[in-house]
Amino acid sequence: MFYYLLKYVLLGPLLRLVFRPRIEGLEQVPSSGAAIVAGNHLSFSDHFLMPAVLKRRITFLAKAEYFTGPGLKGRLTAFFFHSAGQIPVDRSGKEAGQAAIREGLGVLSKGELLGIYPEGTRSHDGRLYKGKVGVAVMALKAGVPVVPCAMIGTFEAQPPGRKIPRIHPVVIRFGEPLDFSRYSGMENEKAVLRAVTDEIMYAILSLSEQEYVDRYAADVKAAEAGRKAEEKRRAPRMPQR
């Protein structure tokens, strides 16, 4: 109930008014039945803009940190995401990934739409990064189509670290559903999972026209954080007076 209150009364109209998103290819999203919508992830705003323009309800796998924040702000954030039907995902370790897959398959088993960001985290620089194979596992196990989606302009509207979005043109573009039925029963084959994931990422890339980086975003972020920490450690300190 709260999901539809947000979508049609509280948040959806406000998002449409502020961002005035241009929607392309909405007819590509199946009007019924289970499907995965796989998109790039450029901004915190992505969580709300895509559901606001879809005709059907969509459930996202959201990072667990949104549900465990401290203080009043943390409790309000957790309430918001729970009420909107989002599922917390612990992103630390292999077992956590398996739990996320089980949750996603549960959504699909009910004939619903599942939203997922195959990169696993927001892009910190606006580029598209290598996808993780969880999306392929769910697509093959559930036997459902994958609809690629590109969010365009949300990075400029709300880049990482910016709390209040700026007004900037936004395009939400959906591509033709990808059918992976030819790989039925091969969800345990690593090469197949990689091929399926790469096909999904290529479809997203074709829609978004981003620069592609064949590395995991989390690894690049960690490497850059380590480099900055090392530069800070090596920087000469100003003598105190």
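Quick note: structure is the one above.
A quick note: this is a predicted structure, and the numbers were derived from the prediction, not measured.

Engineer: Teacher, can you tell me more about the environment of Phe180 here?
Structural biologist: For Phe180, the position within the fold is in the loop between β8 (171-174) and α8 (190-208). Overall, the relative accessible area of 4% leaves Phe180 in the buried class. In this structure Phe180 touches Leu140, Val146, Val196, Glu199 and Ile200, once residues within four positions along its chain are discounted.

Engineer: Explain the pattern of salt bridges to me, please; I cannot follow it from the model alone.
Structural biologist: Inspection of the entire model under this criterion finds nine salt bridges. Between Glu231 and Arg227 there is a salt bridge, with its nearest N and O atoms 3.2 Å apart. Of this pair, Glu231 and Arg227 both sit in helix α9 (residues 217-234), four residues apart, which is roughly one turn of the helix. Its relative accessible area of 45% is what places Glu231 among the partly exposed residues. When its relative accessible area of 41% is taken as the criterion, Arg227 is described as partly exposed. Arg233 serves as the salt-bridge partner of Glu230, at 2.6 Å between the closest nitrogen and oxygen. Pair noted here: Glu230 and Arg233 are both in helix α9, with a separation of three residues, about one helical turn. With relative accessibility at 29%, the residue Glu230 sits in the partly exposed group. Using a relative accessible area of 58% as the deciding quantity, one classes Arg233 as exposed. Each of Arg22, Glu24 and Arg173 takes part in one network of salt bridges that share partners.

Engineer: Quick question: what am I supposed to make of the sheet that holds strand β2 (residues 35-39) here?
Structural biologist: To summarise the sheet geometry, strands pair through backbone hydrogen bonds and adopt either a parallel or an antiparallel arrangement. Taken in spatial order, the seven strands line up as β1-β8-β7-β2-β5-β3-β4 in an open sheet, and their pairing is mixed. In this open sheet, the two strands that pair with only one neighbour each are β1 (22-24) and β4 (87-89). For this sheet, the mean inter-axis angle between neighbouring strands, taken without regard to orientation, is 25°. Of the strand pairs in this sheet, strand β3 (residues 58-63) and β4 are connected by three bridges, and their pairing is parallel. Bridging from a neighbouring strand, Lys63 pairs with Val89 of β4. Strand contacts of helix α3 (residues 46-53): β1, β2, β3, β7 (146-152) and β8, with the helix running at about 65° to β8, the strand carrying the most contacts. Its contacts with the sheet put helix α6 (residues 134-142) on β2, β3, β5 (113-116) and β7, and the angle it makes with β2 is roughly 165°.

Engineer: Help me understand the packing of α6 against α8, please; the structure alone is not making it clear to me.
Structural biologist: Between two packed helices, the angle of one axis relative to the other and the distance separating the axes together describe the packing. Where α6 contacts α8, the two axes come as close as 8 Å, and the packing angle between them is 105°. As judged from the angle between their axes, α6 and α8 are roughly perpendicular. Contacts from Val135, Ala136, Val137 and Leu140 in α6 reach Val192, Leu193, Val196, Thr197 and Ile200 in α8. Taken together, the residues of the contact of α6 with α8 sort by class into eight nonpolar, one polar and no charged.

Engineer: Sorry, what's going on with α6 here?
Structural biologist: Val135, Ala136, Val137, Met138, Ala139 and Leu140 are the residues of α6 that are buried. Gly143 sits one or two positions beyond α6 and adopts a positive phi of about 65°.

Definitions and limits used
- Residues numbered from 1 in each chain as written.
- Predicted model: local features only at pLDDT ≥ 70, side-chain atom pairs only at ≥ 80, totals over all residues.
- Heavy atoms only, no water.
- Helix = DSSP H or I, 4+ residues; strand = E, 2+ residues; numbered from the N terminus.
- Buried < 20%, exposed > 50% of the residue type's maximum accessible area, 1.4 Å probe, protein only.
- Contact = heavy atoms within 4.5 Å.
- Salt bridge = Lys/Arg side-chain N within 4 Å of Asp/Glu carboxyl O.
- Pairing = 2+ DSSP bridges.
- Axes fitted to C-alpha atoms, helices over the stretch in contact; angles between N-to-C directions.
- Parallel < 35°, antiparallel > 145°, perpendicular 65-115°, else oblique.
- Nonpolar A, V, L, I, M, F, W, Y, C, P; charged D, E, K, R; others polar.

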